[in-house]
Amino acid sequence: MDRQDSYNEEGRDQSRFSVRILVSIVVLLLLVLMLAGRMFTLQVGAHEHFTTLSENNRLRIEPIPPTRGLILDRNGVLLAENRPAYQLEVTVEQAGDLDLLLERLSGLVDLSTSEIDRFRGSVRQRRPFQPVLLKSGLDDETVARIAVARHELPGVEIEARPVRHYPQGADFAHVVGYVGRINEQDLRRLDTRNYAGTSHTGKTGVERYYEDVLHGTTGYKQVEVNAQGRVIRELSVVPPVPGQDLFLSIDLDLQRAARDALAPHDGALVAIDPATGEVLALVSKPGFDPNPFVNGISHRDFSALQSDPHNPLFNRALSGQYPPGSTLKPIVALAGLEGNVTTAERRMFATGYYQLPGHERRYRDWKRGGHGWVDMNRAIALSSDVYFYDLGHKLGIDRMAPMFAAFGIGNRVGIDATGERPGILPSREWKRSVQNLQWFPGETLITAIGQGYLLTTPLQLADVTSTLANRGQRVQTRLVRAVREGGDGEPQSEPVRYLAPVSASEAHWDVIQQALIDVVHARHGTAWGSIGSTSPTYRIAGKTGTAQVFSLAKDQEYDESELERRLWDHALFIGYAPAEAPAIAVAVLAEHGGSGGRVAAPIAREVMDAYLTSLGLVAEAEEEP
């Protein structure tokens, strides 16, 4: 029995062993089949895909960013240029442990927290294998330190790239603007394919408005790399197309003369050539140095600019909205003539105040005792508020607002720069839509003297002055005078664009122009004492104005000597010269200057003198009898 059991046990073991061998062979065959299937898939089915990946490990397409176009003044003086500088770039796919790499770099380079934060943000936005800018403006000593430790810094490259520089500093900051590093908001408006390899884009001013013209077209090169991602050789190159150069209409010398004339006041000055619409000077004071913004201004410095009570970052010329005051009285007068509401000869006795029929409120004149008997010419020259209260009442807002609109009030001028605001042109419809209230007769009176809801920018006032100089013909105001391709080509001038004119009879234009001349050259004119009495060798047509900073209570008198400087009226002046053949139209706003005739008019005169002297017109006037 024992021997029989032993035979049975051996048989069962043999059977189990055979089964196991069979199962093993089947499993092995299945594994071999699976491996063969996978090999077939990789080598046959996905051959093209993996061949491409293999090539990409050996070959790489790298973008070549274009050179940004230059910005120059009308005489070819550089306002924005490209300077070569070293910058630190990191290719994340080759860097390995990014935190460890940044820690090592911090021991070699002075990296601020904001720079590291910007870098991490750029890493999330970049395309694969695209180098990301970490720090710009490296000096030779820093470059040498990185070169020595290069073997410990995978994915790190030092590249010589052109960096934007603004040699004129604050003088053109509000005109040219500045470039800055591309952020998420920029990526939503830019063509990312054309910005591969580009780290900066225009943020404000001409730099932003003409971004497409200045940037150019990105090129590409195909390179062969080793296992560590280092470039061995270039295989093919598609060169980039550089951006075009822009010639602004602004004259550097006149810009500086305007800045110096405006000192010590904060404010704005805009000068335009009435014939072409070219901006000759555009100053917003104070300004700021745009160069720190290029590679990222520090939080401390930016906070200092933001907290500055003079607000240097604010572009007063394009974005500042101020009551125009008496500078728009000539437009009200023209509306009265064209609407047959009054005549140039009609006279009225202007006392120190005006009352609407059936109303007790007194609307006071700026001159306490009034101006006595005045016709239209004398009312403009003396800037009689009472005369224009009465004319505004006779016109009504429904006839006054369309004339303002014809001059462009309430709409953007459309200048080729960023940040322009439209101002406010009040009307019945405007008040109903904005405040859901009805229009009151008293609001018509204060609109007639450029106060109340009415707001304009200094740029709009310069545009209005240009239209007055052209006797109604509006011309598109612009900053760019010409565009040049290729860096050494011939600049191509931009055409003059004429807009819909302000329709009025020649006789009525004669009345308005003569009144504007008398503002300066007649002894009773509000600008005679400050600029007309100094015997200029050419004739100026102009209008003074003041803009209230705060509202006076009923029967309250404005006394400048009892107020803080920040509560003084803004001083305004608009004018063009020579009056008979205008070559320049100027608008001046001196914040808290107090008097348009005493403060703003001499500023405009200095700018006119500088420009007409440069044209030789002043010398010609001196030779005339």
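Starting afresh in each chain, residues are numbered from 1 along the sequence in its written order. Residue-level local features of this predicted model are given only where pLDDT is at least 70; pairs of side-chain atoms are given and counted only at 80 or more, and the full residue set underlies all totals for whole chains, interfaces and linings. The side-chain values count all of the structure's non-hydrogen atoms but skip hydrogen atoms and water molecules.

**Some remarks on the overall build of the protein chain**
Worth spelling out the cut-off: A run of DSSP states H or I qualifies as a helix once it reaches four residues; a run of E qualifies as a strand once it reaches two. Both are numbered from the N-terminal end. Whether a residue is buried, partly exposed or exposed follows from its accessible area with a 1.4 Å probe, protein chains only, as a fraction of its type maximum: under 20%, in between, or over 50%, in that order. Note on contacts: a residue pair is in contact if any heavy atoms of the two residues lie within 4.5 Å. Note on areas: these come from Shrake-Rupley sampling with a 1.4 Å probe, and a residue is covered only by the protein chains present in the view.
For the protein chain, the count of helices and strands is 24 helices and 21 strands. With respect to the principal axes defined by its C-alpha atoms, the protein chain has extents near 150 × 60 × 45 Å. The buried share of the protein chain, taken over its 625 residues, is 50%. Contacts in the protein chain between residues at least 24 apart in sequence constitute 72% of all its contacts with a sequence separation of at least 6. As displayed, the protein chain offers around 30,200 Å² of accessible surface, 52% of which is attributable to carbon and sulfur atoms.

**Remarks on the packing of helix α15 (residues 329-338) against helix α18 (residues 397-406)**
So the rule is basically this: Axes here refer to lines fitted to C-alpha atoms; in helices the fit is confined to the stretch in contact. Angles between the N-to-C directions go from 0 to 180 degrees. For this classification, under 35 degrees means roughly parallel, over 145 means roughly antiparallel, 65 to 115 means roughly perpendicular, and everything else is oblique. Handedness of a crossing follows from how the near helix is turned relative to the far one, being left-handed for an anticlockwise turn of less than a right angle and right-handed for a clockwise one. Following the grouping adopted for this structure description, the nonpolar residues are Ala, Val, Leu, Ile, Met, Phe, Trp, Tyr, Cys and Pro, the charged ones are Asp, Glu, Lys and Arg, and the polar ones are all others, Gly among them.
Running from amino to carboxyl end, α15 crosses α18 at an angle of 120°, the nearest separation of the two axes being 9 Å. Overall, the two elements α15 and α18 adopt an arrangement that is oblique. The crossing of α15 and α18 is right-handed. For the pair formed by α15 and α18, the contact residues are I331, V332, L334, A335 and E338 on the first element and R399, M400, M403 and F404 on the second. Taken together, the residues of the contact of α15 with α18 break down into seven nonpolar, no polar and two charged.

**Describing helix α21 (residues 458-469)**
Our working definition: To estimate how far a helix should reach, multiply one less than its number of residues by 1.5 Å.
Helix length check: α21 (12 residues) gives 16 Å between terminal C-alpha atoms against 16 Å at 1.5 Å per residue, within 8%. Within α21, 12 of the 12 residues are buried, leaving the element largely enclosed by the surrounding structure. Regarding α21, the residues found buried are P458, L459, Q460, L461, A462, D463, V464, T465, S466, T467, L468 and A469. Buried residues belonging to α21 abut β11 (267-272), α14 (316-319), α15, α22 (506-521), β20 (570-577) and β21 (584-590). R471 lies just past α21 and shows a positive phi near 55°.

**Thoughts on the pairing of strand β3 (residues 78-90)**
Heads up, the condition is: Each pair of strands is called paired provided DSSP finds at least two bridges between the two strands.
Where strand β2 (residues 71-72) and β3 come together, two bridges link them in antiparallel fashion. By the bridge assignment for β3, I71 is matched with A80. As consecutive antiparallel partners, β2 and β3 are separated by five residues, and within that stretch G76 has a phi angle of approximately 90°, a positive value. Pairing geometry for β3 and strand β5 (residues 156-165), over 10 bridges, is antiparallel. The residue bridging A85 from the neighbouring strand is R161, located in β5. Pairing analysis gives five bridges linking β3 to strand β4 (residues 132-138), with the strands arranged antiparallel. Its bridge partner being in β4, E89 is matched across the sheet by L133.

**Side note on the packing of α18 against helix α20 (residues 441-448)**
Where α18 meets α20, the axes come as close as 10 Å, and the angle between the chain directions of the two elements is 35°. Where α18 crosses over α20, the handedness of that crossing is left-handed. Across from I397, M400 and F404 in α18, the residues of α20 making contact are T444, T447 and A448. Each residue belonging to the contact of α18 with α20 can be placed in one class, and the counts come to four nonpolar, two polar and no charged.

**Things to note about unusual backbone geometry**
With an omega of 5°, the peptide bond running from K285 to P286 counts as cis. Tracing the chain through its elements places P286 in the loop between β12 (279-285) and α12 (291-294). Residue P578 follows A577 across a cis peptide bond; omega there is -20°. Here P578 lies in the loop between β20 and β21. You will see that R471, though not glycine, has its phi angle at about 55°, which is positive. At H592, a residue that is not glycine, the phi angle is positive and equals roughly 55°. Locating H592 in the fold gives a position in the loop between β21 and α23 (596-615).

**So, α20**
Counted residue by residue, α20 has six buried out of eight residues, so it is predominantly covered. G442, E443, T444, L445, T447 and A448 are the residues of α20 that are buried. Those residues of α20 that are buried are in contact with α15, β14 (353-354), β15 (363-364), α17 (385-395), α18 and α19 (428-435).

**Here's the deal with the confidence of the model for the protein chain**
This is how it is decided: A score between 0 and 100, pLDDT records how confident the predictor is in each residue.
Averaged over every residue, the pLDDT of the protein chain is 87; residues scoring 70 or more account for 90%. pLDDT under 50 marks residues 620-625. Its contacts with residues more than four places away, or in other chains, come to two contacts.

**A short note on the environment of A515**
Secondary-structure assignment places A515 in helix α22. Owing to a relative accessible area of 0%, A515 belongs among the buried residues under this scheme. Placed 26 residues apart in sequence, A515 and A541 show a C-alpha to C-alpha distance of 8.1 Å. Excluding its chain neighbours within four sequence positions, the residues that come into contact with A515 are N377 and I380.

**Some details on the packing of aromatic side chains**
Threshold: Stacked, edge-to-face and tilted are the three classes for Phe, Tyr and Trp ring pairs, Trp counted by its six-membered ring, which pair at centre distances within 6.5 Å; planes under 30 degrees apart are stacked, over 60 edge-to-face, the rest tilted. Charge over a ring is defined by NZ of Lys or CZ of Arg lying within 6 Å of the ring centre and within 35 degrees of the ring normal.
In this structure the tally under the stated criterion is 11 aromatic pairs. Of the aromatic side chains, those joined through ring pairs into one cluster are Y178, F288, F293 and F302. We note R362 situated over the ring of Y353; from NZ or CZ to the ring centre the distance is 4.1 Å.

**Examining the environment of A585**
In this fold, A585 is placed in strand β21. On a C-alpha basis, the gap between A585 and G277 in space is 9.8 Å, while along the polypeptide they are 308 residues apart. The residues touching A585, leaving out its near neighbours within four places in the chain, are V270, A271, I272, P274, A462, T465, S466, G575 and Y576.

**A word on a nonpolar patch on the surface**
Selection criterion: Nonpolar side chains (Val, Leu, Ile, Met, Phe, Trp, Tyr) are joined into patches within 5 Å and like charges within 9 Å, using only residues with over 30% relative accessible area and no salt bridge. Counted as salt bridges are all cases of a side-chain nitrogen of Lys or Arg within 4 Å of a carboxyl oxygen of Asp or Glu.
A contiguous nonpolar surface patch, about 460 Å² in accessible area, is contributed by V19, V23, V27, L31 and M34. With respect to the secondary-structure elements, L31 resides in helix α1 (residues 2-45).

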